[in-house]
Amino acid sequence: MVTEIYDFTADPEAANVQAFQDAAYMKRRNYIAERALKYKHGEPITPIEYNEEETQTWRTVFRELTNLYPTYACKQHNEAFELMKSTCGYSENRIPDLEVATRFLKERTGFRLRPVAGQLAPRDFLSTLAFRVFCCTQYIRHPGEPLYTAEPDICHELLGHVPMLSDPTFAEFSQEIGLACLGAPDEYIEKMSSLYWFTVEFGICKESGKLKAYGAGLLSSFGEMKHAIESNEAQRLPFDPHTMAEQKYSLVGYQNIYFYPNSFEEAIRKVRDYATSIPKPFQLSYNPYTEKIEVMTKQEETTRCVRNIQAELDRLQKAVKNRLDV
């Protein structure tokens, strides 16, 4: 069970965050967090009954961000977001249930959501991605700061992460990061955490020659989304996992550097190449049928993996041939 939670209140950079100084807000937030601690994997996610103040905070965030998405968000996010309005009840009037969102993801990409009490330690959080599990908070940001949060909250999860995880290519990219972390030495977990930060959280990409946001930290932040794309104070560099893995970042405040791939396919390829530099005594493979990670240490396991890949290639060749014959 993953229970090690990062304590933002002890971070000097977060000393002046309004939420941490509001006793009533923290009591409510801790109640919701305690609900998450009781969750057992595989069970339906019990919905949170959000109060009117929390719903109003969601409404403010939803309105502001949906005005920005057509201009600043990538097409994968925008297409998924529109679909989630019709299938998951996304609207400004009600905070969607995680259980509804997880069923949507399961059908689209095989990912599932798991409620957690706060931001997990990097190894715990990143490793769950290998199993196509994404850990989500359920509390919402402080009503006095609706357009900013130092921590991940339900707005960040549902408006930023979930739409992107419903895209098959991006879901594969996220899982590749998780697989790279399984069994990795501690120093490489730190590197993969930085890589995750500058992609899944604060990534930008090129789309028809224009920069767009795909990182959830940007897609759930009114100010930083525009900052990442337009600000002259931000530095934007081509996607390079080796550079990104060494780049320092701040948990609080805007980033001052961003990295962009020309496509998610390019990002997947480069992350896979980078993962080969991580020293491990074994290789791993995800079995989508059993939803388990297989350690390829025996000949029969390696042979089965090769056979599955060959079967996929055969189907792909037939599909391409059928298209050419049309």
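Model, not experiment: these values are computed from the prediction.

1. Topic: the layout of surface pockets
The rolling of a water-molecule-sized probe over the atoms marks out the regions of remaining empty space.
Item 1. Taken as a whole, the second largest pocket holds about 660 Å³ of empty space.
Item 2. Considering each element in turn, the lining of the second largest pocket owes the most residues, 4 residues, to helix H8 (residues 186–201).
Item 3. By residue class, the composition of the lining of the second largest pocket is 22 nonpolar, 11 polar and 5 charged.

2. A word on helix H12 (residues 264–275)
Item 1. Between its first and last C-alpha atoms H12 spans 16 Å; for 12 residues at 1.5 Å apiece the expected length is 16 Å, and the two agree.
Item 2. Looking at H12, one finds that the buried residues are Phe264, Glu266, Ala267, Ile268, Val271 and Tyr274.
Item 3. Where the residues of H12 are buried, they touch helix H3 (75–87), helix H6 (154–165), helix H7 (168–181), H8 and helix H11 (241–246).

3. Thoughts on the state of the cysteines
Item 1. If you walk through the whole model with that rule in mind, you get 0 disulfides.
Item 2. We note that Cys135 lacks a disulfide partner, and the nearest cysteine sulfur, in Cys136, lies 7.7 Å from it.
Item 3. With relative accessibility at 4%, the residue Cys135 sits in the buried group.

4. Observations regarding the packing of helix H4 (residues 98–108) against H6
Item 1. Axis separation between H4 and H6 bottoms out at 10 Å; the angle between their running directions is 15 degrees. Overall, the two elements H4 and H6 adopt an arrangement that is roughly parallel. In the crossing of H4 with H6, the sense of the turn from one axis to the other is left-handed. Of the residues in H6, those touching H4 at Leu98, Ala101 and Leu105 are Ile154, Leu158, Val162 and Leu165.

What counts, and where the lines are drawn
Residues numbered from 1 in each chain as written. Predicted model: local features only at pLDDT ≥ 70, side-chain atom pairs only at ≥ 80, totals over all residues. Heavy atoms only, no water. 1 Å grid on protein atoms, 1.4 Å probe; cavity = no way out; pocket = protein on both sides within 12 Å on 5 of 7 lines; lining within 4 Å. Points joined across faces, edges and corners; volume = space filled by probe spheres on them. Helix = DSSP H or I, 4+ residues; strand = E, 2+ residues; numbered from the N terminus. Nonpolar A, V, L, I, M, F, W, Y, C, P; charged D, E, K, R; others polar. Expected span 1.5 Å × (residues − 1). Buried < 20%, exposed > 50% of the residue type's maximum accessible area, 1.4 Å probe, protein only. Contact = heavy atoms within 4.5 Å. Disulfide = S-S within 2.5 Å. Axes fitted to C-alpha atoms, helices over the stretch in contact; angles between N-to-C directions. Parallel < 35°, antiparallel > 145°, perpendicular 65-115°, else oblique. Left-handed = near helix turned anticlockwise from the far one by under 90°.

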